[in-house]
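Residue strings, one per chain:
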Amino acid sequence: MIGILGLQGDVKSHCNILQKMGVESSVVRYPSQLDRVEGLIIPGGESSTMTNLMERMGFYKPLTEFAKSFPVLGTCAGLILMAKQVKDSRVKPLGFLNVSVDRNGFGRQIHSFSETINVIADKREQKIIATFIRAPKISDIADSVEKLAEYNGEPIAVREGKHIGLTFHPELNGESIFHELMIGKNISRETIPNHQ
Ligand code: GLN
């Protein structure tokens, strides 16, 4: 069972992707609910709001512990929260993904856009549509972090060990490659019903 952090943000589209993949999901609203999931998705939203809610609900310690054993996939605000460093004091990152992130590095709402990008992971190459919404930029990356996709020569999808961080939203276009990579199942696109 895969959990989706449900404090704020776009929980539903991740839920839909997992459903299409035939993977059971559960919304995680309380730290104790981490005990019943084997992976966690931190969705997009507003990382400063999520910081406040995570602090209020006491998520920092249990989530940091969880990430030592289980994979975490973060999209946009989710990536910001996973990062080692964020150039904004309103955000307190969890710090288990060795990257520095610039909030809204691609500009604000007006600069939201979709692009076809090339993803290369585990010797498999795939073109997908990525939607960027007030997207962060990855400004620094440790040697231990692998780049899975780039845009204009900058990393936009990264993996460190079992964790994956994305500056964009694949789930808004029904793209499941990163969910597959995170879960470690080799589900081919053909086996996913209603895949766009
Ligand atoms: N700009 C938002 C933030 O800083 C992230 C936007 C998103 O998740 N789509 O938290």
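Model, not experiment: these values are computed from the prediction.

What counts as what
Residues numbered from 1 in each chain as written. Predicted model: local features only at pLDDT ≥ 70, side-chain atom pairs only at ≥ 80, totals over all residues. Heavy atoms only, no water. Core = buried A, V, L, I, M, F, W, Y, C linked by side-chain atoms within 4.5 Å. Buried < 20%, exposed > 50% of the residue type's maximum accessible area, 1.4 Å probe, protein only. Helix = DSSP H or I, 4+ residues; strand = E, 2+ residues; numbered from the N terminus. Contact = heavy atoms within 4.5 Å. Salt bridge = Lys/Arg side-chain N within 4 Å of Asp/Glu carboxyl O. Near = heavy atom within 4 Å. Polar contact = N/O pair within 3.5 Å; in protein donor to acceptor, adjacent residues only side chain to side chain. Areas by Shrake-Rupley, 256 points an atom, 1.4 Å probe, with all protein chains shown as cover. Nonpolar A, V, L, I, M, F, W, Y, C, P; charged D, E, K, R; others polar.

Draft legend 1. Representation of the nonpolar core in the model. Ranked by size, the top nonpolar core spans 32 residues in total, and within it Ile 42 and Val 99 carry the most contacts. Put simply, the parts of the chain that give this core at least two residues each are β3 (40–42), α2 (47–57), α3 (60–69), α4 (77–82), β5 (83–86) and β6 (97–102). If one sorts the elements of this core by residue count, α4 sits on top with 5 residues. With near-sequence residues (within four places) excluded, Val 99 lies in contact with Leu 79, Ala 83, Lys 84, Gln 85, Ile 138, Asp 140, Ile 141, Val 145 and Val 158. Grouped together as the second largest cluster of nonpolar side chains are 29 residues, Ile 4, Val 119, Phe 132 and Ile 156 included.

Draft legend 2. Representation of the pattern of salt bridges within the structure. Going through the model one piece at a time under the given rule, you end up with 11 salt bridges. Note that Glu 46 is salt-bridged to Arg 134, the shortest N-O span being 2.8 Å. Placement of Glu 46 in the loop between β3 and α2 and of Arg 134 in the loop between β8 (124–132) and β9 (137–141) is noted, with a sequence separation of 88 residues between them. For Glu 46, a relative accessible area of 21% puts it in the partly exposed group. With its nearest N and O atoms 2.9 Å apart, the salt bridge here joins Asp 88 to Arg 90. Asp 88 gets classed as buried once you look at its relative accessible area, which sits at 14%.

Draft legend 3. Up close: the site of the ligand. Contacts to the ligand come from Gly 44, Gly 45, Glu 46, Ser 47, Cys 76, Ala 77, Ile 80, Arg 103, Asn 104, Ile 133, Arg 134 and His 169. In this structure, Arg 103 approaches the ligand through a side-chain N or O atom, which is 2.6 Å from an oxygen atom. In this structure, a nitrogen atom belonging to the ligand sits 3.0 Å away from a main-chain N or O atom of Arg 134. Contact with the protein chains covers 98% of the free accessible surface of the ligand, which is 300 Å². Partitioned by chemical class, the residues of the shell around the ligand number 4 nonpolar, 5 polar and 3 charged.

Draft legend 4. Spotlight on the environment of Thr 75. Note that Thr 75 resides in strand β4 (residues 72–75). Thr 75 gets classed as buried once you look at its relative accessible area, which sits at 0%. Leaving out residues up to four positions away in the same chain, Thr 75 has contacts with His 14, Ile 42, Pro 43, Gly 44, Leu 166, Phe 168, His 169, Pro 170 and Glu 171. Only 3.3 Å separates the side chain of Thr 75 from the backbone nitrogen of Gly 44, close enough to count as a polar contact.

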